[in-house]
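# Topology and contacts: notes
So the chains spell out like this:
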Amino acid sequence: MDNSNKLGKAATRVFNRKALVLAIIMLGGYELYRHPPIETVGPQQVGIRLNGLTGSATEVGEGVCLVIPGIHSLRKFPLQDQIYRPTRSAKADGPAPFQSSEGLSIGVELTIRYALDANSLPRAAKALPDDVGRDLVEPLVQGVIYKVFTRYTVREIFSTKRQEIQTVIEGELKPMLAADGIDLRNVMMGNVDLPPDYREGMNKVLATELETQQMQYTLLLKEKEVQESRLQAEAEKARRDTAAEAAADEQIIAAKGQEEAMKHVLPFKRKQIEQRELEAEAESAAVIRNAKGAAEARRIEASGEADSRRKLADAETYRLEEIGKVNSEQLERDGILIDKHPLLIQKTLADKLSDKISVIIAPPPATGGFIGQALIDGARHGAAANATGSAP
């Protein structure tokens, strides 16, 4: 009885142990069914398997990896570039507009392109949140961009300092993200939403600037046209220089040919020169002789002409002297006549006054009567004599 009891108890213990092992196996199978130890890392992803016992982190590439429940945990991170756009600040009247240095509200469309650094993931995976963009990137970006925009005026943000602002944001944000294993690719600024009043004034300013730029482009075009003309002139000059060099080379070749020819021509030219010198000397001697003859002839001619003019002058002097003598004698006679007949002065004066006045000078009558009585009586006697002479 005791042996049978002992055997029964032993069989019961063996059965219990087998049942326990079977239950454990079934429970483990069920857990493996619910939580399979194999997970898949998709394309453009990297997996970081964390060991809960040792605290180590292992990078797992694309494909299937072993993950033991309760020991391992697998975190998957995308490798492709991620885009974050702070849409709340894209409008000047939005919920969180940016502030310029003047205190004006502006909206700016920003695009932050980033990616997880695969080399830093094993070190930073434990500290990274599940949603990296929302829980890590967005707060850092918001903290930097609001601070950067307050350093610039609206005009600088809108036009003149856009590239500088992008560079400043990227320079401040990149080391912050790099500390968490995030590589900042670039920062891009899009549309800038201005306050309505400022936008209207800015449009006027931009219109003026556009006109100025158009004028600058026009001046630049004119300058390019001038440069083109100068280049054309230089090309033409180079062409002329080349042509001149070619012509000079031709002249050099021709000169060399002439030099060879002159070796034979020079003796003949020397003889011609000697002959021309002799001819020139003979011609010069002939010209000198002719000139001396002509000069002598002109001297003789001048001497004759001088003598002739001297004789003419003597003749004129003699004529004038004779005329003067005649005039003196005539005046002397006229004086004597006037002394005898003083009335001749009145007649002469009347003749000088007019050529239409006829003056007859008659002596006064002895009886003292009318001065013209003698003339009247004389006329009567003449008429009677004429009548007597015509009667026969």
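As a reminder, the structure under discussion sits directly above these lines.
Notes on the structure follow. (Residues numbered from 1 in each chain as written. Predicted model: local features only at pLDDT ≥ 70, side-chain atom pairs only at ≥ 80, totals over all residues. Heavy atoms only, no water.)

## Considering the nonpolar core
Formed by 36 residues in total, the largest nonpolar core has its most connected members in Val108, Phe149 and Ile157. Breaking this core down by element, the ones donating at least two residues are strand S8 (105–116), helix H2 (121–124), helix H3 (132–149), helix H4 (154–160), helix H5 (162–178) and strand S9 (182–193). When residues in this core are grouped by element, the largest group, eight residues, is from H3. (Core = buried A, V, L, I, M, F, W, Y, C linked by side-chain atoms within 4.5 Å. Buried < 20%, exposed > 50% of the residue type's maximum accessible area, 1.4 Å probe, protein only. Helix = DSSP H or I, 4+ residues; strand = E, 2+ residues; numbered from the N terminus.)

## What to know about H5
Along its 17 residues, H5 runs 24 Å from first to last C-alpha, staying within 8% of the 24 Å computed at 1.5 Å per residue. Within H5 the residues assigned to the buried category are Ile165, Gln166, Val168, Ile169, Leu173 and Leu177. (Expected span 1.5 Å × (residues − 1).)

## A look at the side chain of Thr111
Relative to the helices and strands, Thr111 resides in strand S8. With relative accessibility at 14%, the residue Thr111 sits in the buried group. Ignoring anything within four residues of it in the chain, the contact list for Thr111 reads Ile83, Tyr84, Arg85, Asn186, Val187 and Met188. (Contact = heavy atoms within 4.5 Å.)

## A look at the packing of aromatic side chains
In this description, a pair of aromatic rings is defined by centroid distance and the angle of the planes. The full count for this structure, using the stated rule, is two aromatic pairs. With 4.8 Å between their ring centres and 50 degrees between their planes, Phe98 and Tyr146 make a pair best called tilted. Here the residue Phe98 occupies a position in strand S7 (residues 98–99), and Tyr146 occupies one in helix H3, the gap between them amounting to 48 residues. Both rings, one in Phe98 and one in Phe149, keep their centres 4.6 Å apart while their planes meet at 45 degrees; by these two values the pair is tilted. With a gap of 51 residues between them, Phe98 in strand S7 and Phe149 in helix H3 connect regions that are remote in the sequence. On the basis of relative accessibility, which here comes to 0%, the residue Phe98 falls in the buried class. (Phe/Tyr/Trp six-rings, centres within 6.5 Å; stacked < 30°, edge-to-face > 60°.)

Scope: geometric values only; no functional claims are made or implied.
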